[in-house]
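Survey of secondary and tertiary structure
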Amino acid sequence: MRLVNDGRVFEQVSDAVDEVNKLKGQVAAQWDEASKFDAKKDKNTFRQYEEACDRVKNFYREQHEKQTVEFNVRVRAEHKRTVHARMGIWEAMEKLNTLVDDSDPDTSLSQIEHLLQTAEAIRRDGKPEWMQVAGLVHDLGKLLYFFGSEGQWDVVGDTFVVGCKFSEKIIYPETFANNPDSKDPVYSTEYGVYSPHCGLENVMLSWGHDEYLYHVLKKQSSLPMDALYMIRYHSFYPWHREGAYSHLTNAEDQRALEAVRAFNPYDLYSKSDEPVVVEKVKPYYQGLIAKYFPDVIEW
């Protein structure tokens, strides 16, 4: 049998090998590497609450007056025993799309646009698929608004610890004056019902979309714990941005802090990006959804 060298076939094979080697060299960025997409953005234009409109200020006044220990205990018990809906992730995104977040001074975009902006920014920076998925779903807990919430005050907005003194590092701290817990002989003390360095797993955060979604997905997804940290604590700005609650956190919370700080720029600074063409990116994200979630989730 005579073998004949075909130069064209050799070039095709060689090109294919080169392409594979090139792809091998494209190592995904580590999840905790600094974000790149926002390098040229003016960070000082975001979270300007002193310049926020009355809609935002009125929202926080209501939230701060009504997020009590009694409310938080009751609402957790109610949601623990109730299934509000059964639907997949993309359907949930579409359902959420009619909500505009009254607590957000940075955008009036629809929710699906914000979710896709966040995910796309993470994707552009080459971060792992699971982190892209965290960006895609991180606000789906806002479905609470359609599940019998008492308004937006128990769905959106920055979160904070209840059961101890309200931190001065929470935005508009003066608006807690009419919260009955601020005058309670236990809840108004530095440690309240908690012990020093008990850890965030053992404190109660104000109820909202972060906490709700965390509990939904920790049992109904294959997302890693770092993604769940990003989801659970992304609105906990007094902690991850302002450094509050060091007297309650412990060494185990450091990993969570690293995770949410790695995620935060994508959630916050992608809001000024151009809107994403939904139908163009939908097939890509539906593929990722299938990797991490069942077809139907109980909400």
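This text gives an overview of the structure that appears in the document. It should be emphasised that the depicted structure is a prediction, and the values quoted were computed from it without experimental measurement.

Let us now look at the overall build of the protein. Tallying secondary structure elements over the protein gives 11 helices and 4 strands in all. In the protein, which comprises 299 residues, the share counted as buried stands at 53%. Once local pairs closer than 6 in sequence are excluded, the contacts in the protein between residues at least 24 apart make up 81%. Put simply, the protein shows about 14,900 Å² of open surface, and 49% of that area lies on carbon and sulfur atoms.

Here, disulfide denotes a covalent bond that connects the sulfur atoms of two cysteines. According to the stated counting rule, one finds 0 disulfides in the structure shown. Not engaged in a disulfide, the cysteine Cys164 finds its nearest cysteine sulfur in Cys198; these two sulfurs lie 8.8 Å apart.

To continue, consider helix 11 (residues 278–292). Spanning 15 residues, helix 11 covers 20 Å between terminal C-alpha atoms, matching the ideal 21 Å at 1.5 Å per step. Of all the bends in helix 11, the largest measures some 30° and sits at Tyr284. Contacts from the buried residues of helix 11 go to helix 4 (89–96), helix 5 (111–124) and helix 6 (129–137).

Residue placement: His209 occurs in helix 7 (residues 209–217). Side-chain polar atoms of His209 contact the side chain of Asp210, separated by 3.3 Å. Those residues within four positions of His209 in sequence are excluded, and the remaining contacts are His138, Asp139, Gly141, Lys142, Leu144, Val155, Val156, His234 and Ser235.

Cut-offs and rules
Numbering of residues starts from 1 in each chain and follows the order in which that chain's sequence is written. Selection of residues for local features in this predicted model requires a pLDDT of at least 70, selection of side-chain atom pairs for listing and counting requires 80 or more, and totals for whole chains, interfaces and linings are taken over all residues. With hydrogens and water stripped out, all remaining heavy atoms of the structure feed into the side-chain values. Helix and strand labels come from DSSP, where a helix needs a run of H or I of at least four residues and a strand needs a run of E of at least two; each type is numbered from the N terminus. Three exposure classes are used, based on accessible area relative to the maximum for each residue type with a 1.4 Å probe and protein chains only: buried under 20%, partly exposed in between, and exposed over 50%. Whether two residues are in contact is decided by their heavy atoms: any pair within 4.5 Å suffices. Computed by Shrake-Rupley with a 1.4 Å probe, the accessible areas treat only the displayed protein chains as cover when residues are assessed. What counts as a disulfide here is a pair of cysteine sulfur atoms lying within 2.5 Å. How far a helix is expected to stretch is found by multiplying one less than its residue total by 1.5 Å. At any given residue, the bend is defined as the angle formed between two axes, one fitted to the seven residues that end at that position and one fitted to the seven that begin there. Contacts described as polar in this section are N or O atom pairs within 3.5 Å, which, within protein, must combine one atom able to donate a hydrogen with one able to accept it, while residues neighboring in sequence count only if both atoms come from side chains.

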